[in-house]
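# Descriptive structure summary
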Amino acid sequence: MSTEIYYFSGTGNSLHVAKELQKRIPDTKLIPMVKYVNKDGLRTTGKTVGFVFPVHMMTFPFPVKKFVKKLDVRSANYIFTVSVKGGTFILSDLHMAKILKRKGKRLDCYFDLKMPYNSPTGVMPVRIPGMIDYPAAETEISELESNMQTRLDVIKTIVMSKEVKPKDDSPYGFSLLLKKIISALMAPFEILKEKNKINYYADSTCTGCGICEKVCLSKKIKLIDGRPVWQKHVQCFFCYACFAYCPAQSILVKKLYTEKQGRYVNPDVSVHEISSQNS
Ligand SMILES: Cc1cc2nc3c(=O)[nH]c(=O)nc-3n(C[C@H](O)[C@H](O)[C@H](O)COP(=O)(O)O)c2cc1C
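These numbers come from a predicted model, not from an experiment.

### Describing empty space enclosed by the protein
One pass over the structure, following the stated rule, counts four cavities of 30 Å³ or more. The volume enclosed by the largest cavity comes to roughly 90 Å³. Taken together, 14 residues make up the lining of the largest cavity; nearest its centre are Cys-206, Cys-209, Cys-212, Cys-246 and Ile-251. A breakdown of the residues in the lining of the largest cavity according to their chemical character gives 10 nonpolar, four polar and no charged. Considered as a void within the structure, the second largest cavity measures approximately 80 Å³ in volume. Residue composition of the lining of the second largest cavity, grouped by class: 12 nonpolar, one polar and one charged.

### Side note on the sheet that holds strand β4 (residues 78-85)
Backbone-to-backbone hydrogen bonds pair the strands of a sheet. The strands run either parallel or antiparallel. Read across the open sheet, the five strands follow the order β2-β1-β3-β4-β5; overall the sheet is parallel. Of all the strands in the sheet, the pair left with one neighbour each is β2 (28-32) and β5 (109-114). If you compare each strand with its neighbour and ignore which way they point, the axes differ by 20 degrees on average. Relative to β5, β4 runs parallel, the two sharing six bridges.

### Brief notes about the nonpolar core
Of all hydrophobic cores here, the largest spans 75 residues; its most connected members are Phe-51 and Tyr-200. Ranked by residues supplied to this core, first place goes to helix α5 (residues 138-160) with six residues. The two domains that each donate at least three residues to this core are domain 1 (3-189) and domain 2 (197-278). Ignoring sequence-local partners within four residues, the contact set of Phe-51 consists of Tyr-6, Met-33, Phe-67, Val-68, Leu-71, Ile-79, Phe-80, Thr-81, Val-82 and Met-96. Membership of the second largest hydrophobic core comes to five residues, among which are Met-58, Phe-89, Leu-91 and Met-186.

Each value, and the rule that gives it
Residues numbered from 1 in each chain as written. Predicted model: local features only at pLDDT ≥ 70, side-chain atom pairs only at ≥ 80, totals over all residues. Heavy atoms only, no water. 1 Å grid on protein atoms, 1.4 Å probe; cavity = no way out; pocket = protein on both sides within 12 Å on 5 of 7 lines; lining within 4 Å. Points joined across faces, edges and corners; volume = space filled by probe spheres on them. Nonpolar A, V, L, I, M, F, W, Y, C, P; charged D, E, K, R; others polar. Pairing = 2+ DSSP bridges. Helix = DSSP H or I, 4+ residues; strand = E, 2+ residues; numbered from the N terminus. Axes fitted to C-alpha atoms, helices over the stretch in contact; angles between N-to-C directions. Core = buried A, V, L, I, M, F, W, Y, C linked by side-chain atoms within 4.5 Å. Buried < 20%, exposed > 50% of the residue type's maximum accessible area, 1.4 Å probe, protein only. Domains from an automatic or database assignment. Contact = heavy atoms within 4.5 Å.

By themselves, these are just geometric observations and shouldn't be taken as functional.
Dropping the structure here:
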């Protein structure tokens, strides 16, 4: 196998991107990070290795960090990342380069792609009206999709020719120094991200269909007596899959998001594909 793409996806955007890359790059295998996050002895076998993930709080989700830290990447002679984001500037390239450096490897190339926001606020404790257009309008979704498809053609060419660090062409691309400063300022809050809590609950419209339990990437949700229970002792991955895939929009967030005006999930990814990441 010459290319391996490791992915993490809560609501399908990153998996959609990974699948589209797989279509473009011959001999590419997709591997879900969630399935192996608690396993040891992980090693890549590809010569080209990519990581595709959503941006959470300006960087990669903490399970991605845990996975990559453990991963033996000695087989790889070219490593790239695709950060799938809602629209902020990001630090994931810097953070990934740091992890790889400790393994004696380089992050050869990194990209970011703007896709619809999959949550009303992320893990922000308050909702700032107008800050995030959630759920995005159909026209915006198709425009983002079309831009993403065009950009993936470019990314494919870069990856296949193993080009190293092309100029960061993202509109929000910050200089490396500025990224380092922001990263240092945010470092003390890193641990808080993991300790954070999202106060999900299901209202009376819950039908007990169990989709939330299936798509829950951390296996935090258990259906008990036909109702979802977010088990206290299990750490949430903050992926928002339960919230977004609930067909009755019964899952809400206490004091933060109690609206039932639509949800966003990527239309090209099924419930089964999301749940297969940890089964
Ligand atoms: C907990 C959380 C935090 C997020 N933080 C950011 C952020 O800092 N910047 C950003 O641009 N998007 C942020 N997003 C939006 C996602 O990165 C974006 O919607 C992504 O496409 C979701 O990918 P997925 O469907 O593969 O999970 C956040 C989403 C969640 C759930």
